[in-house]
Every structure is written in C-alpha cells, then in structure tokens.
Amino acid sequence: MIRILAYSKSGELHEDLPLNEIKQKRSELAWYWVDFNKPTKKEAEELYQMGFHELAIQDCLHLQQRTKLDDYEDYHFFVLNAIDQKNLRPKEIDIFQHQQYVVTFHYKEQPEIDAVWDCMKKDSNAQSLGSRYICYKIMDKVADSFFPLAEKLEDRITAIGVRPEVTGRMQKQMNELFHIRRSLLRLRHVIWPFRDLVFRITQSEHLSGKGEERRYYMDVYDYLLKLSTMIDSSRDMTSDIRDNHISLNSNRMNSIMMTLTVITTIFMPLTFIAGIYGMNFEYMPELKWHYGYFFVLGCMFAISIGMFLWFKHKGWFFKE
Amino acid sequence: MIRILAYSKSGELHEDLPLNEIKQKRSELAWYWVDFNKPTKKEAEELYQMGFHELAIQDCLHLQQRTKLDDYEDYHFFVLNAIDQKNLRPKEIDIFQHQQYVVTFHYKEQPEIDAVWDCMKKDSNAQSLGSRYICYKIMDKVADSFFPLAEKLEDRITAIGVRPEVTGRMQKQMNELFHIRRSLLRLRHVIWPFRDLVFRITQSEHLSGKGEERRYYMDVYDYLLKLSTMIDSSRDMTSDIRDNHISLNSNRMNSIMMTLTVITTIFMPLTFIAGIYGMNFEYMPELKWHYGYFFVLGCMFAISIGMFLWFKHKGWFFKE
Amino acid sequence: MIRILAYSKSGELHEDLPLNEIKQKRSELAWYWVDFNKPTKKEAEELYQMGFHELAIQDCLHLQQRTKLDDYEDYHFFVLNAIDQKNLRPKEIDIFQHQQYVVTFHYKEQPEIDAVWDCMKKDSNAQSLGSRYICYKIMDKVADSFFPLAEKLEDRITAIGVRPEVTGRMQKQMNELFHIRRSLLRLRHVIWPFRDLVFRITQSEHLSGKGEERRYYMDVYDYLLKLSTMIDSSRDMTSDIRDNHISLNSNRMNSIMMTLTVITTIFMPLTFIAGIYGMNFEYMPELKWHYGYFFVLGCMFAISIGMFLWFKHKGWFFKE
Amino acid sequence: MIRILAYSKSGELHEDLPLNEIKQKRSELAWYWVDFNKPTKKEAEELYQMGFHELAIQDCLHLQQRTKLDDYEDYHFFVLNAIDQKNLRPKEIDIFQHQQYVVTFHYKEQPEIDAVWDCMKKDSNAQSLGSRYICYKIMDKVADSFFPLAEKLEDRITAIGVRPEVTGRMQKQMNELFHIRRSLLRLRHVIWPFRDLVFRITQSEHLSGKGEERRYYMDVYDYLLKLSTMIDSSRDMTSDIRDNHISLNSNRMNSIMMTLTVITTIFMPLTFIAGIYGMNFEYMPELKWHYGYFFVLGCMFAISIGMFLWFKHKGWFFKE
Amino acid sequence: MIRILAYSKSGELHEDLPLNEIKQKRSELAWYWVDFNKPTKKEAEELYQMGFHELAIQDCLHLQQRTKLDDYEDYHFFVLNAIDQKNLRPKEIDIFQHQQYVVTFHYKEQPEIDAVWDCMKKDSNAQSLGSRYICYKIMDKVADSFFPLAEKLEDRITAIGVRPEVTGRMQKQMNELFHIRRSLLRLRHVIWPFRDLVFRITQSEHLSGKGEERRYYMDVYDYLLKLSTMIDSSRDMTSDIRDNHISLNSNRMNSIMMTLTVITTIFMPLTFIAGIYGMNFEYMPELKWHYGYFFVLGCMFAISIGMFLWFKHKGWFFKE
Ligand SMILES: [Mg+2]
Ligand SMILES: [Mg+2]
Ligand SMILES: [Mg+2]
Ligand SMILES: [Mg+2]
Ligand SMILES: [Mg+2]
Ligand SMILES: [Mg+2]
Ligand SMILES: [Mg+2]
Ligand SMILES: [Mg+2]
Ligand SMILES: [Mg+2]
Ligand SMILES: [Mg+2]
Ligand SMILES: [Mg+2]
Ligand SMILES: [Mg+2]
Ligand SMILES: [Mg+2]
Ligand SMILES: [Mg+2]
Ligand SMILES: [Mg+2]
Ligand SMILES: [Mg+2]
Ligand SMILES: [Mg+2]
Ligand SMILES: [Mg+2]
Ligand SMILES: [Mg+2]
Ligand SMILES: [Mg+2]
Ligand SMILES: [Mg+2]
Ligand SMILES: [Mg+2]
Ligand SMILES: [Mg+2]
Ligand SMILES: [Mg+2]
Ligand SMILES: [Mg+2]
Ligand SMILES: [Mg+2]
Ligand SMILES: [Mg+2]
Ligand SMILES: [Mg+2]
Ligand SMILES: [Mg+2]
Ligand SMILES: [Mg+2]
Ligand SMILES: [Mg+2]
C-alpha cells in the first residue's frame, strides 16, 4: 500500500493525493511524506517513477541491506534496521530524505512508522516541522523499541541466578543461556550499526541541523550508547555464569567419583574375603574353628574401620 | 527536599532563601547551590521553572542515564554515577553547572554531596570559591568513594589464595570468585565512563579552568586511572585463579580414577577365582587336593603382587 | 589461451586481432581487453613483450600473491582473489588497468571473467564503456560469487541446531562445526583484503572516477561489508554452539556417573551380605535359624530402601 | 635520612651542606641533588619548605601512586615504580627535576639510586653533567633491574617443559605456572606505564634535550620495548603449556577409563557365571555332569577371548 | 673475520684492502662494504675506530636487540633479526648504511649475507649499484628465508588432520600442535617487527629512494604481509584443531562411561541374585523347588532383557 501525507503551505492536511499528482503540486506543498507500506511488486516499481538513483532503489527492493547512509545530489538515502519483537530478526526500513519530502519503504509491518504517521497527522503544528523532523522521530521510535528487548534479556539472565540446584535444571539453564546469547548477538548486530549511523548524523550539520536539532539526535545517540553498554555487560554476565556452571558441574562429578571410589574400596576386599570362605575346598582349616566365623567378621569390621579412617585422613571423604 | 546554599557578594551565608526568590536576588549573590535531595515528584518539576532544557530535565527525571556531559548555552549538564556501597549499583547524580550557580539533583541519599555541602557551609573562604570548585569537590568525593570497594575486592581475591584444600570449600571459592567478578564488572561500568568524563574535563579550558584548577582535575583523573588498573588486574587474577582451580579439580579426578582402577583391577580377578571354587560341581578335582586351598591362596597372592608391580612400573600408582 | 576483445573508435568489435598487431593499431582503438586465460608458460611470457614492470609480471607468474593494488606510471596493477566454489581456496586474478586497455591474467578457470567477457561482447553500448568499467564489472561479479557460499555456511550452522540427541550424532556435529569454522576462516581470508581493496578504490578519484562511478564501487563495498558481518556473526554462533555442546556433554557424563554410583552403592552391600552367608564355616548360628533367610532378605530390602531415600534426599537421584 | 650532593660552579663537591643553607648558596652551585632516603615523617615534611606544589607533595607522601609525569612551572615531577626483587611489588620513587637541582624521594631502600649517587660522587666530570643526566641515569638503572627478573621467569617456563611425567608433579607444575603468570602480571603492571613514560620523555625536547640526549632515552625505551615483548611472549607460552597439560590430563583419564571398562567388562560376566554354579538349588542338572566344571571353565575362557578380540577390533584396547 | 668489498670509481673490484687504508682511499671509491663476519672480540672493537656512535656499537656488541632503525647524522643503523632454520631463534644482523658504504655485523653464520656478497662480487654492473641496493638485497634474502619455515609449519598442521584415530596417537598430535604453536610464536616475533621496519622504510624517501627503488621495498613488504597472514591463519587452525580434539576426547569418555554403566547395571543385580541362592541357610524353600533353578535363570534373563530395552529407550545404548 502507498499512502501519502502532505501539508500545503497554507497549513491544510491532504491525505488523498495520488502519487502522480504530487509532483505537479510540489510548489504548493510545505512538505509531504510517501510511505510504501508493504508494497506489492508493482507499487514498489513506482520508486523508478520518482526519479531516485538505481542503486538506492535496488537496495530497497533487495532485503537485508546493511544499515547505512548514502548521499545523493538532493536527497539522502538511509537504510535502517528495526527489530522484529518476536524473533529478533532485523526488519529493514529504507528512507529517502529530501528537503521537501520523505519517502519511507518497508516490506514488513512497522508499528514505529505507524506511530509517527499518526503523530504527524494529529500534531497541530505539524506543518511547520519538516522532513528532517520525521526522520528524527522514526529513529527515536525505533531506538525506543530496542529497550524492552534488552531489559527482558537482562531479566532472564538474573532469573537464571548463580546456583543451579539439580542436574536436570542445569541443562535447561545452559540452553536458556545459549538462547539469550544468540538474542544478544542479534540485538548487537542491529544496534551497533544503528548507533554508528546516528553518531554520523550528529556530526553532520547537513543532516542534524544546528544546535537545537542536533541535541535531539544526541539524545537518541545517548540512548543507543546506554543500550550497547547493557548488551556488552549482559554478554559478560552470561560468560561468567556459564563458566561458573561448568566449574560447579565438574565439582559435582569429582564429589560423585569420590563416593564411588570410597564404596568400591571398602566393599571390594570384604566381598573378596567372603568369597574366599565360600570356596568348597575339602581341607580349609579355618572353617573348622569354632569362632572362625566371628573372627572373620571381626577382621572385616577392622578393615572397613581402617579404610574409613584412612579416607578421613586423606580428606577424601564425601562432603558436599 | 530542596535545599539552598547562597553566598552574597558581601560574603554572607544564606540558607533560608526560597527557590522562587533566588532569581530576583541573583545580582546580589556571589554564587548559590540548589540541591534537589530525594525530591518529590512536585519538587522535581521545579526544574522546569528554572529554565533548563527539556532534554536535560528528562535525563534527570528518568533514572539510569549514562555518565555524560552536555553543553548548553550558558550551563553544562553532567550526569555522574556514584556507587551504592551495599549492592554496587550506580546511583545517579545530575549536575547543572552555571558560572554563578550549581544545581544538583539525585533521587537517592548521597553522602558525598552531604560532605561537600557541609564543607562549603563551614569553609571560611567559601565565598571566593565558585560553582566550578563545587563540581570538582563532588567528583573528588565520588572518586574517593570507589577506592575502599576496589581494595576490599582485592583483599577477597587474596583471601581465596591459590590452593583450595577440599572439594566442599572449592565450590564456595568458585561462587565467591563469581561474585567478585560480578562486582568488578559493576565497578568497571561505573568507573570507566567517569574516568573518561574527567579526562574530557581536564582537556577543556572552559570546564577545568587554567593551570591551577586543571591540576586538581588531573589529580582526580590519576586516581581513577590507578583504580581502573587495579580493577583490570583483579579481573586477570580471578581468571587465573579459576583456571588453576579447574586444573586442580581435573587432576584430583584423575588421581581418584587411578585409585578406583587399581582397586578394581586387583580385586576383580581374585574375587573371580574365589567364585570359581565356590561352584558346586560334583567333579572338581582341585577341591579334593589336600593343599588346594593353600595353593589357590598362594596364586591369589602372586597375582596381586604381580599387578602391584606392574602398576608401579606404569607410574599409575596412587601419588598425590 | 590468449583472447582479445577490441572496440575500434568507430564502434566495430574485433575478436581476431593477434597480440602483436594490437600495439600498431592502438590509435584506432577505443579500448581493448587481453585475457590470459589459463596461459601456457610460453603465452605467459608475452607479458614481458607488453612492457609491464618486472615486479608486476613476477606477481602474475607466481601463485598465491596477496590481494593488493600497485600504481605504476600509466597503469594500475591489481591482484584479486576469487574463490574456488569447491574447496574454498583462493583463485588469483591479476589485472593491469590502463586508460585504454585491460589485461587480465589467471591460471585457473574464472567463470566471473567469462561472464563479463560475454557481457562486453554483447552489450550494445560497450564501445562507450572503458577499461575502468570492465574492472568494476569483474570485481562486482567476484563479490557476488561469495554470497552463496556464506549463506550455505549459515544454513549448515542453522541445521546443526542447538540440542544434539545422541552421543554418536554429536561427534558428527562437532566435526561439521570444525569444517564450517575452517570454511569461514578461508572465506574471511579472501573477503577481508578484497573489501579493503575496494574501499581503497572508492577513496581514490583516480581509480573510481567521480560521483557516479564511485557509487557503483561503494555498492560493491556495501556488499562486502555485509558479507564480513555475516561471517563474523557465523563464527560467533559456532563458538556458542560448541560451548553449549561441551556443557551438554559434561552434563550427560555427570548424570551417567550418578546412575553408576547409585547402582554400585545399592548392590555392593547387598552382594556382600549374600557373600557372608555363602561362607562355609561350620559354626554360623544365623544359618540355623528357621527364619534366618527371610530375616536377611528383609534386612537387604531395608538397606536398599534406606539408600534410595537418602539419594532422593541428596538430590542425586537420576533425572534427565 | 636526607642526604645532599652539590657541585659548586668552581667544580668542588659538597656533601655536608644542610638543607636550609642550600637555598642561600644556590647561585654558587652548578647543581645539587637532595635524596630523601627512607625519610621519617618529620624529614618528609621538609618538602613543604622547599616550595613544591601541594598535589605533588601528597603524591610523595601517599604510597602506590601510578607512574606519571606532571609539569609544574619550573620543575617536572615524576613518579616511577622500581620493583622489589623479592616479591615483585612496585617500589615508588618520586623525582622533582629542576634545571638546577634534583630531589628524589623514596620510602624504601633503592639500590638503583645508591648506585647513581656513588657514580655522581666519583665521576670526574660530574660537575658538567646536570639534573637531566641524573634522571636519565636513574631511569636507566631502574630499567636494567627488570631484565634479570624477566629472564628468570623465562627460565622457569623453560624448566617446566612440555611433557609432565606423573600426576603428582603435574599439579606442582600447574601451581608453578600460576605463580609465573602472577609474576608476569606484576612485571607488566610496572613496565608498561614506565615504557610509556620514557616514550613521552623522548618525544619532548624539553625533557630529553636535543639529538644526543634524546638518543640515550631512546636506548632506554628500546630496552623496555624488548622487555615488554619478552613478557607478552612468556604469557603466551604459559597459556599454551597450560592448555597442553589440560589436554594431556584429559587423555590420561580417557586411557584409565578404558582400562577400567575393559576389566569390568571381562570379569563381570565370568564372576556372574561362577555365581550361578555356586547356587545351592537341589536340582541343577549341570552340576551332576562329569565334565560340567571343565565345560564351564572352557566357556569362561571363550567369553574372555571373545571380548578381548572385540575390544582389539574397536581400537579400545589399552595403549598409552 | 672482517672482509671488505670495494669498487673504485673506475669500476675496479678490490677485495684485499685492509680496514685502516680504506678511509684514506675513500675519495677514490664508488662504494665499499665491510662485513664483520663472526668477529673476534678484538675485531669487533674496530667499530670504535670507524667512528660510529657508542649506543649503536653497544647494540652490535650485545646480542638480542630488538629489530629497529636509528637515524644518525650521516648514516642509518638497522638491527634486523634473521632466523635460525634449526631452532627458529632470531639471529641478529646489524647494518650501518651510509651513502658511500655499508657495514654489516653479525656474530653468527648468515647464509643470506654470503649470498648477497657473492652476487655483488659477480654482478657486472655492481659498481653502479650503491649501499642502498645492498641493504635492500639483504632484507629481500632474509624475507625469502622465512617462507619455507612458514610453509613447513602449514604442512605439519595439515598432516595432523582433523580426526585422530586412537588415544595414543592423539597425545602425540597434541604435543605436535604445541610445538607448532611455539614455532609460530617464534616466527611471529621475528616477522612482525621486520614487516613494520620494512613498511617504515617504504614510507621514507630518504631510505627507499624514489619511485623505482621504493617499489622493490614494497615487494618485500607485500611478501612479509602475506607471511604474517599465513602465520595468523595457522594459529587459528591450531586452536580449532585443539578444540576439536578436546571435544572428541570428551565424547569418547562419555561413550566409554555409558558402556561401563550398562555393564554394571546389567550384571550387578544378576550377580546379587546368584549370591542370594548361594547362601547356606538351612531353611530356604526356593532351593527345594524342582524347577527353582530354571525359574531363577528365567528371572535373570527377563531382568537383563528389561534393562536392555530400557537403555535402548533412554538412547543410552552404546553407539560410536
Ligand atoms: Mg555489525
Ligand atoms: Mg559500547
Ligand atoms: Mg558504551
Ligand atoms: Mg562494557
Ligand atoms: Mg568477561
Ligand atoms: Mg561502560
Ligand atoms: Mg585502564
Ligand atoms: Mg592504566
Ligand atoms: Mg591495565
Ligand atoms: Mg592487565
Ligand atoms: Mg589471563
Ligand atoms: Mg573469560
Ligand atoms: Mg587476510
Ligand atoms: Mg559491518
Ligand atoms: Mg566487519
Ligand atoms: Mg559480530
Ligand atoms: Mg562469543
Ligand atoms: Mg570464545
Ligand atoms: Mg598498567
Ligand atoms: Mg610491546
Ligand atoms: Mg615490540
Ligand atoms: Mg609483543
Ligand atoms: Mg605475542
Ligand atoms: Mg595462546
Ligand atoms: Mg614482537
Ligand atoms: Mg594482509
Ligand atoms: Mg597481518
Ligand atoms: Mg590477517
Ligand atoms: Mg586470521
Ligand atoms: Mg579460532
Ligand atoms: Mg577459544
């Protein structure tokens, strides 16, 4: 769908201008905004009619371009990536920013653009704001949309905590950590280039205007810088949690091995002795002794006590 | 609570001036300091009355802004993060520094600001010092407050030492290491941006003044640089301790596995032989031999000695 | 084979000019392209006849030169590396770019060069395009040839998934990961220097021309930058998958060890008791008791229940 | 102790001038050197009498300042860290370098300063050398004192070698590695900032003089650069040795596990069979067979041979 | 041994000029080359007679200086490190490059210098080449000598391959990897600073001359850059191989543990049951049953089948 929002110099709002009329009426308009909202193939081809550069149009038509800013003679071409709140995949937004107009192009639903659209329609002094303000507003909304995601990931990290209780839950936690790290990586791949783009805008008087407007872009930049710190810090935390889990796991194994060794060490010789006196030789003098049985039981008891004390002394005895 | 400290040009101290009178009396005052100390929502809105920029005010009202410095026409706006001594979370301080006045804003108790407040009230030549000195003093106090934390973490690392004694304590040490690393990460996230901010101040004549004043800021910077080296070094130590623990753990396991193997290897064949002569077959000629029992005992003894010597030779015998 | 494509100033296409005639006819030609396509040793020596610098010729003759750009008096010398789609090894392409002509040199089949060759032969306004356009076209095709490889590797990473099911498949997955990482490393070693070379071209007016042509090189650069981000991100994913697999493996081992310990701990004492009453001492009072057998069975049952409950309490019992 | 070394313009050596006379005689002196050698608290306060800046004096009085260089109006203030040869802890040296005099301040014994002191006392053309030369000489001696430490650490790394022989020694080697890494970290924390300080001196004509003197500082810098490369390289070696040890350990465990499995797998079924024929059922027909015993022995032998061959085939048999 | 090669301006070659005559004849010579080839202590002291700076001479006399370039008034002083082909240790070469002469100094056999020496003696237009050409030639030969080493290491890495077959060979491979990594580290420590030195030469018109000569140095630089990429890539490969080996090892252990657990789990209860009926209680009713023995055998069979199916279901059964 192609939708158009235009303010005439006299301050009237036009929403029903067809795309092919807008060029003729350009001199009467304060500014206008053309939004290619999930355009069909045929609608997308209108971009060629609007006289944009072929390379820029191709970047629009092919998905998954990198976040960037290209300068053409009388307009700037931005590629942004918003983020899909469900699967954290980038959702491309392409923007042509001319002094008089803005053209936005996106194949996917973009609630951030809808919000700015509504705001521009209802804002009483919208006519005095220009194309630069619309771009700022879109970037601001997109930046705002990252924060809940980063915060949710931080909460999930905190929820994992430090001390896993049982082996079963531990593996679940490791898988959870893995998914969190993958999400952080995705967020990072969207936010880093966006942050660098916004920084580049703040450094260019051409793009961000003087004093006052520049401050608004600086605010978006601050926000993105804060976000990137949160994400770096979250990645560091996940590494540390994983290392701690692995060490804990290894410690448990150690402790289980000890138990196994202690049991084997105590019972193997005892069972062997019992096996000896279970043999059926005709001539085994001990078997005839009246207190032979009790004597052997006593020996077994002594051996087990001795081994217990020896383990105690070695510090090998089971302690968790 | 909003509290005000003002020195008139004649050197008198005023503590009871209401906020709305201060603008009228500005020409009579040498300097004044307004502290928004844990302000209520209504008190916080006074910031709008004081004519600050909307973006700066929003940074005050929203928590967890990043440490930064913004220049406005006739004042500077700082966001600092002191640190909560209990949980090592950042505690935001916002400062507006004008040539004639300072406005500080913080939602949490800030002992560092209270200390500077008292000092300015009692200092005999306070009147001759200006807004820039107050800012320096606050940053100096905040920087000082980091040191005991970093030192305590270093002490805890030293206390862990190198050689853990038992498995049980080892896991406690690993958890302790994990908590230390998390604390170092938190300290780092507060100190790094603060250090960079102070460096930026020392580089700007506007902010740190000439020669003499710049030296005091350089001293704060030195201090923060020393702190960041301490923290980096502590993180390196914790990594090394963790690696050492893991290797030690793996070594113990190896040694326990050997013991288990030696025992199993010695007793299994002996027990098997005893089992053989415990079978109830009617025709088992060895059972009838007069010295059969003693011969079998001798064989068992020979087998165990042989295996003992073989393990000794393989270097597998238990040594810790 | 040496093949030549030449356009006369009058727009005629010549394909049958021999190499030694071309110098004489130079003034009549708009531009020409000499392609050394898998040249024999003797054909390769023609380079000396064409008057190129000795160092450049040696770089042609020796394989595996690094990607680079050297400026000579009236021509540029490029070394590119395309990639072999089978084994991902670099396939060198050497290009001499003069204002009037292009010489390409490659010992291996290069489908990208064939494609550009055909395109130049058939393009109706080929005569107006020059040597610089041919170079751009070759680089564009080479860059395009990397994308399917990077995407296939991404698909293989996705196919591994997160949760391996059985031990046997796991090792296969680790080997697969290892091969993917090796492929990524190879791609990286071809793409990084290529990307940097293209960037250098875009920065030089001499090489990329003004405005319009520079934009086409920028587009190649964008593409390569996107590719390098994909590769970095894939490497990060493989690290995380490997770490997750290792942790899962260690967890399984832990869980198996527990099972082993539980079994040993329960049956060893029971078997020992059975061994005791299997001894053949003449005087063993319990054997005479009428309910001795049932009493011992009861004891065994009680011991096993006790140990089961103790393990349950310790949280050691088998759960996956 | 405060000691003073002064040369009059006429070339005489004075060693007994008291500190309070030196200011009056300044015009007669070529240069003088005041050394605060392990000063008492009262002696340290003499620094205030000498008119140095308060911040510099505080850096002297408080220990563990970071290595740095501060410029004051007519003198430079250096903080160096020599190293304690025993525990590798930094030992602070503070230097005030004025055109006419040097003041050194250190709370600990500094053999490097003593050596320079003796050298200045005995050198025949000492009078013609100035304060800058003394500073260079001290830094040169301090840099020289690092080398034996770095070399000793390299020797200890070489002594560990690659292939540990027994488990017991292995843990000792890991602890040794850990201590070496800690020492390397300490050396690094002293040498890096010192290297950067010397580099800064070589870049400043003010500090290192022209041509000739600068070369001497460049030589110290070369030396420190070589040292830092040695330390980096040693750290890399220790990482690699540790990784190799861990892999070796894991390999041994694997091999021990195999032995254990082979033994268990062979003897468990044999012992089970022996147990079967040790049962006391009244009706067990095999027991009556005349060659039953030998038949069972044969079966057992066949089973063990079969399993041996199967393990051989699986490549699981014990090989070290 | 000190050897001298001199060309008079008239083009004659002198090989027998003694060192002390050369200064007098300087005006008649086109250029000369003095090579201190493994000099004795006394020969080395001749450097002082030739008037070089003391610091440069000391760098010659002391071994293991870092690779560098120092500028003196009328000569340059280079320290290079060739590499010992046997043990990969650096072998220092010191070069004084003056407009008219070259002095080379080395304590060890240097085949690269011998090769250049022969070449200069035999080259027909050697007289027209100058000192700068000799330096270029030496660096070129030294750079060439690194390549076979790097390639041999790459071949050894390839020989290790990915999939180790047996435990015994695996440890050998890990030791081999460790030695390869150590060799790569040594190569790296020689090649990196050499590469940077050559780059510095190419950037200085003074050192590499204009256009043509600079190109030859650029060629050496290309070569060293290619080498450093090979070494980095080899290190990455060794890391990946090691990680793969460790994962494979851990997988084998897992699989062996499973086998052990399955065997223990199946035979322990069977052996226990056999132990029960081997007890000698007088009253054990089952022993009297006519088919008791077969019933117990049947039970044992059922238990083992049940456990087999349970393991199959759990996916724990042995698969490699
Ligand atoms: Mg990116
Ligand atoms: Mg960041
Ligand atoms: Mg940041
Ligand atoms: Mg961070
Ligand atoms: Mg970390
Ligand atoms: Mg930060
Ligand atoms: Mg730092
Ligand atoms: Mg530092
Ligand atoms: Mg540091
Ligand atoms: Mg460090
Ligand atoms: Mg470390
Ligand atoms: Mg780490
Ligand atoms: Mg590369
Ligand atoms: Mg990128
Ligand atoms: Mg990149
Ligand atoms: Mg990345
Ligand atoms: Mg990662
Ligand atoms: Mg990693
Ligand atoms: Mg440091
Ligand atoms: Mg270094
Ligand atoms: Mg270096
Ligand atoms: Mg280094
Ligand atoms: Mg290194
Ligand atoms: Mg390493
Ligand atoms: Mg180096
Ligand atoms: Mg390279
Ligand atoms: Mg490199
Ligand atoms: Mg590289
Ligand atoms: Mg690499
Ligand atoms: Mg790697
Ligand atoms: Mg790694």
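Quick caveat: nothing in here was measured; it's all calculated off a predicted structure.

Peer 1: Help me understand the sheet that holds strand E5 (residues 75-83) of chain B, please; the structure alone is not making it clear to me.
Peer 2: Hydrogen bonds between backbone atoms are what pair the strands of a sheet, whose relative direction is either parallel or antiparallel. All names here are of chain B. Pairing in this open sheet of 7 strands is mixed, and the strands run E2-E1-E3-E7-E6-E5-E4 from one edge to the other. What marks the edges here is a single partner per strand, and that holds for strand E2 (13-14) and strand E4 (68-71). The sheet contact formed by strand E1 (residues 2-8) and E2 spans 2 bridges and is antiparallel. Counterpart to Ala6 in the pairing with E2 is His14. Its contacts with the sheet put helix H5 (residues 111-122) on E1, E2, strand E3 (29-37), strand E6 (90-98) and strand E7 (101-106), and the angle it makes with E1 is roughly 30 degrees. Docked against the sheet, helix H6 (residues 131-160) engages E3, E5, E6 and E7, running at close to 20 degrees with respect to E5.

Peer 1: Help me understand the relation of the copies chain D and chain E in this model?
Peer 2: When chain D is fitted to chain E, the residual RMSD is 0.1 Å, and the transformation amounts to a turn of 71 degrees plus an axial shift of 0.1 Å. Seen this way, the second copy is the image of the first under a five-fold rotation axis. Rotation axis and chain D: the residue whose C-alpha lies nearest the axis is D:Gly278, separated from it by 4.7 Å.

Peer 1: Sorry, what's going on with helix H5 (residues 111-122) of chain E here?
Peer 2: Think of an α-helix as turning once every 3.6 residues; residues three or four places apart then point the same way. Residue and element names in this part refer to chain E. Taking 1.5 Å of rise per residue, 12 residues should cover 16 Å, and H5 covers 17 Å from first to last C-alpha, within 8% of that figure. Residues of H5 that are buried include every one of Glu112, Ile113, Val116, Trp117 and Met120, and no others. Each buried residue of H5 sits inside an arc of 140 degrees when the element is viewed along its axis, so together they form one side. Residues of H5 that are buried in the fold lie against strand E1 (2-8), strand E3 (29-37), strand E6 (90-98), strand E7 (101-106) and helix H6 (131-160).

Peer 1: Looking at this model, I keep getting lost on the domain arrangement of chain A. Mind explaining?
Peer 2: When the parts come together, some accessible area is lost, and that loss is often what is quoted as the size of the interface. We note that the domain assignment places domain 1 (2-248) and domain 2 (253-314) within chain A. Inter-centroid distance (C-alpha atoms) of domain 1 of chain A to domain 2 of chain A is 75 Å.

Peer 1: I keep staring at the interface of chain B and chain A and nothing clicks. Help me out?
Peer 2: Listed by partner, the interface residues are 59 residues for chain B and 50 residues for chain A. Summing both sides of the interface, chain B and chain A together bury roughly 5000 Å²; the carbon and sulfur share of this comes to 63%. The tally of links from chain B across to chain A stands at 5 salt bridges. Here A:Arg215 ties to B:Glu73 by a salt bridge, and the two come within 3.6 Å at their closest N and O atoms. Run the count over chain B and chain A and you get 11 residue pairs in polar contact (both at pLDDT 80 or more). Put simply, the parts of the chain that give the side of chain B that touches chain A at least two residues each are helix H4 (54-61), E4, helix H7 (167-203), helix H9 (211-276), helix H10 (285-288) and helix H11 (292-314) of chain B.

Peer 1: What am I meant to see in the UniProt feature "transmembrane region" (unreviewed entry) in chain A here?
Peer 2: In this structure's numbering, the residues bearing the UniProt feature "transmembrane region" (unreviewed entry) are residues 256-279 and 291-311 of chain A. Helix makes up 88% of residues 256-279 of chain A and strand 0%, and the two end C-alpha atoms of the span are 34 Å apart.

Peer 1: Help me out: how do you make sense of the interface of chain D and chain E in this one?
Peer 2: Between chain D and chain E, the residue contacts involve 49 residues of the former and 58 residues of the latter. Inspection of the chain D/chain E interface yields 5 salt bridges. Where chain D touches chain E, the interface holds 11 residue pairs in polar contact (both at pLDDT 80 or more). Elements supplying a minimum of two residues to the side of chain D that touches chain E: helix H9 (211-276) and helix H10 (285-288) of chain D. With 33 residues, H9(D) is the largest single contributor of residues to the side of chain D that touches chain E. Grouping the amino acids of the side of chain D that touches chain E by side-chain chemistry returns 21 nonpolar, 15 polar and 13 charged.

Peer 1: Explain the environment of D:Phe267 to me, please; I cannot follow it from the model alone.
Peer 2: Tracing the backbone shows D:Phe267 in helix H9. Between the alpha carbons of D:Phe267 and D:Met300 there is a distance of 9.6 Å; along the sequence they are 33 residues apart. The residues touching D:Phe267, leaving out its near neighbours within four places in the chain, are B:Met268, B:Pro269 and B:Phe272.

Peer 1: I tried to follow the sheet that holds E1(E) on my own but got confused; where do I start?
Peer 2: Residues and elements named next belong to chain E. The strand order across the open sheet built from 7 strands is E2-E1-E3-E7-E6-E5-E4, with neighbouring strands paired in mixed fashion. Of all the strands in the sheet, the pair left with one neighbour each is strand E2 (13-14) and strand E4 (68-71). As paired strands, E1 and E3 are joined by 7 bridges and run antiparallel to one another. Looking across to E3, one finds that Arg3 is bridged to Asp35. Contacting E4, strand E5 (75-83), E6 and E7, helix H4 (residues 54-61) crosses the sheet at an angle of about 150 degrees to E6. H5 rests against E1, E2, E3, E6 and E7 of the sheet, and its axis sits at about 30 degrees to E1.

Peer 1: Help me understand the pattern of salt bridges in this model?
Peer 2: For side chains bearing opposite charge, pairing can occur when the charged atoms are close. Taken as a whole and judged by the stated rule, the model has 75 salt bridges over all chains. For A:Glu109, the salt bridge is made with A:Lys38, and the minimal N-O distance between the two is 3.0 Å. Separated by 71 residues along the polypeptide, A:Glu109 in the loop between strand E7 (101-106) and helix H5 (111-122) and A:Lys38 in the loop between strand E3 (29-37) and helix H2 (41-44) bring together distant segments of the chain. By relative accessible area, A:Glu109 is classed as partly exposed at 42%. A salt bridge links E:Arg66 to D:Asp222; the nearest nitrogen and oxygen atoms lie 2.9 Å apart. Here E:Arg66, found in the loop between H4 and E4, pairs with D:Asp222, found in helix H9, and the two come from separate chains.

The rules behind the values
Residues numbered from 1 in each chain as written. Chains lettered and ligands numbered in written order. Predicted model: local features only at pLDDT ≥ 70, side-chain atom pairs only at ≥ 80, totals over all residues. Heavy atoms only, no water. Pairing = 2+ DSSP bridges. Helix = DSSP H or I, 4+ residues; strand = E, 2+ residues; numbered from the N terminus. Contact = heavy atoms within 4.5 Å. Axes fitted to C-alpha atoms, helices over the stretch in contact; angles between N-to-C directions. Least-squares fit on C-alpha atoms with pLDDT ≥ 70 in both. Expected span 1.5 Å × (residues − 1). Buried < 20%, exposed > 50% of the residue type's maximum accessible area, 1.4 Å probe, protein only. Arc of directions from axis to C-beta. Domains from an automatic or database assignment. Buried area = accessible area lost by both parts, 1.4 Å probe. Salt bridge = Lys/Arg side-chain N within 4 Å of Asp/Glu carboxyl O. Polar contact = N/O pair within 3.5 Å; in protein donor to acceptor, adjacent residues only side chain to side chain. UniProt positions renumbered as here; feature names shortened; annotations may be inferred. Nonpolar A, V, L, I, M, F, W, Y, C, P; charged D, E, K, R; others polar.

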